Amino acid sequence: MTDATSPNIALEEVSRVLDQDPFWAVRAKAIQSYASLEQSLCGLLAALGNIEPEVAGIIFFKISSADSRNKIIEKLFRRKYQGQYNLFINSLLSQLRPIDLKRNEIVHWNTAQTISGAAQSDWSLSLIPPNFWTRNADSPSIGIQDLVTFANKCSFYSRLINMFAVVMDPRHQESIASVRDTWLGVFSQPIAYPPQAGHPLFPTS
C-alpha cells in the first residue's frame, strides 16, 4: 500500500528505494528477538517441570496459544515456588501479554509506503493493520523505531528469564556465587522495564 501526499513522484522509484530500506531487516530482527524470547520461555518450562529440554521443546512448540502457554508456565511456577517470587512472576506474566500482542501485529500487519515529499528522506515504511480500507488519521502504525524498541524489550526479557533458570539451578551455584545474591534481589521484586541503573541488565556502552 502507498500513502502518497505529494504529486508527480514516480512510484516505481519510491518502491525501488524503499525495497533497500533498513526497515525490512529491523522487522526481521524484531521477529527473531521474539523467537529468542520463546526459546527462553521453553527453557523456563523445562526448569519448572524438571524435564529434559528436548521434551520441553516438543511440548512448548506445539502450544499454538501464547495465553495457554503462559498459563501453563504460571501453574508450574507456583507449584514449584509456592508464594516465593510472586512479585517477579506476576509482573512477568502481565508484561508478556502485550509483548505477545505486539508480536502478532509485527508479523501480520502489512507494510505501507508513506510519501510526504519529493526527497527520499520524505519516503518511509511502516506497518499498518491489514484492513487498510478502514484506515484513517487515527489508525495505528508501527515504525522502524517501534520495531527497535520491541526487539530490545524481547531481548531484555529473554536474558532475564535465562538468568532466573540459571540462578535457580543447583548445578550452577558455584559458578554464579559472586552474583547470586544480586540476582536473588532482582527476582524478589516486580520487573521494571526499562531497567534502572544498577540492574544487572542495565545497558552499558
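So, here's what we can say about the structure. Please read all numbers here as calculations on a predicted model, not as lab measurements.

Below, the discussion takes up the overall build of the chain. Secondary structure assignment for the chain yields 7 helices and 3 strands. Mapped in sequence order, the helices and strands of the chain form the string β-α-α-α-α-α-β-β-α-α. Restricting to contacts in the chain with at least 6 residues of sequence separation, those with at least 24 account for 62%. When the accessible surface of the chain is totalled, it reaches about 11,900 Å², and 54% of it is carbon and sulfur.

Turning next to the pattern of salt bridges. Summed over the entire model, instances satisfying the criterion amount to 7 salt bridges. The salt bridge partner of Asp-67 is Lys-71, with a shortest N-O separation of 3.2 Å. With Asp-67 and Lys-71 both in helix H4 (residues 66-81) and 4 residues apart, this pair spans about one turn of that helix. For Asp-67, a relative accessible area of 34% puts it in the partly exposed group. Residue classification places Lys-71 among the partly exposed positions, given a relative accessible area of 47%. The network of salt bridges with common partners includes Glu-38, Arg-69 and Asp-100.

In this section: a nonpolar patch on the surface. Residues Val-55, Ile-58 and Ile-59 make up a contiguous nonpolar surface patch of about 260 Å² in total accessible area. Secondary-structure assignment places Ile-58 in helix H3 (residues 53-60).

Attention shifts here to the packing of aromatic side chains. Under the defined criterion, the tally for this structure stands at 15 aromatic pairs. Ring geometry for Phe-88 versus Phe-164: centroids 5.3 Å apart, planes at 10°, classification stacked. Separated by 76 residues along the polypeptide, Phe-88 in helix H5 (residues 86-108) and Phe-164 in helix H6 (residues 144-167) bring together distant segments of the chain. Among the aromatic residues, those joined into a cluster by ring pairs are Phe-77, Tyr-81, Tyr-85, Phe-88, Phe-164, Trp-183 and Phe-187.

With that settled, consider the side chain of Ser-158. Here Ser-158 lies in helix H6. By relative accessible area, Ser-158 is classed as buried at 7%. Here Ser-158 is in contact with Ser-36, Leu-37 and Ser-40, once residues within four sequence places are set aside.

This brings us to the nonpolar core. One broad rule of soluble globular proteins: the nonpolar side chains tend to lie buried together. Core analysis: the biggest nonpolar cluster contains 51 residues, and Leu-37, Phe-88, Leu-160, Phe-164 and Phe-187 have the highest contact counts within it. Counting only elements with at least two residues in this core, the list comes to helix H1 (11-18), helix H2 (23-49), H3, H4, H5, strand S3 (123-128), H6 and helix H7 (180-187). Look past the residues within four positions of Leu-37 in its chain and what remains in contact with it is Leu-96, Ile-99, Cys-154, Tyr-157, Ser-158 and Ile-161.

On to the pairing of S3. The element S3 is largely enclosed, with a buried count of 5 among its 6 residues. Across 6 bridges, the pairing between strand S2 (residues 110-115) and S3 is antiparallel. Across the sheet, the residue bridging to Asn-110 is Ile-128, located in S3.

At the junction of Tyr-193 and Pro-194, the peptide bond is cis and its omega measures out at 0° in the coordinates. Within the fold, Pro-194 resides in the segment after H7. In this model, Asn-50 sits at a positive phi of 55°, which is unusual for a non-glycine residue. One can find Asn-50 in the loop between H2 and H3. Residue classification places Asn-50 among the exposed positions, given a relative accessible area of 61%. In this structure, Tyr-85 is a non-glycine residue whose phi angle is positive, near 65°.

Another aspect to go through is H1. Where H1 is concerned, the buried positions are Val-14, Val-17 and Leu-18. With its buried residues spanning 90° around the axis, H1 presents them on a single face. Here the buried face of H1 lies against H2, S2 and S3.

Procedures and definitions
Residues numbered from 1 in each chain as written. Predicted model: local features only at pLDDT ≥ 70, side-chain atom pairs only at ≥ 80, totals over all residues. Heavy atoms only, no water. Helix = DSSP H or I, 4+ residues; strand = E, 2+ residues; numbered from the N terminus. Contact = heavy atoms within 4.5 Å. Areas by Shrake-Rupley, 256 points an atom, 1.4 Å probe, with all protein chains shown as cover. Salt bridge = Lys/Arg side-chain N within 4 Å of Asp/Glu carboxyl O. Buried < 20%, exposed > 50% of the residue type's maximum accessible area, 1.4 Å probe, protein only. Patch = residues over 30% accessible without salt bridge, like charges linked within 9 Å, V, L, I, M, F, W, Y side chains within 5 Å. Phe/Tyr/Trp six-rings, centres within 6.5 Å; stacked < 30°, edge-to-face > 60°. Core = buried A, V, L, I, M, F, W, Y, C linked by side-chain atoms within 4.5 Å. Pairing = 2+ DSSP bridges. Arc of directions from axis to C-beta.

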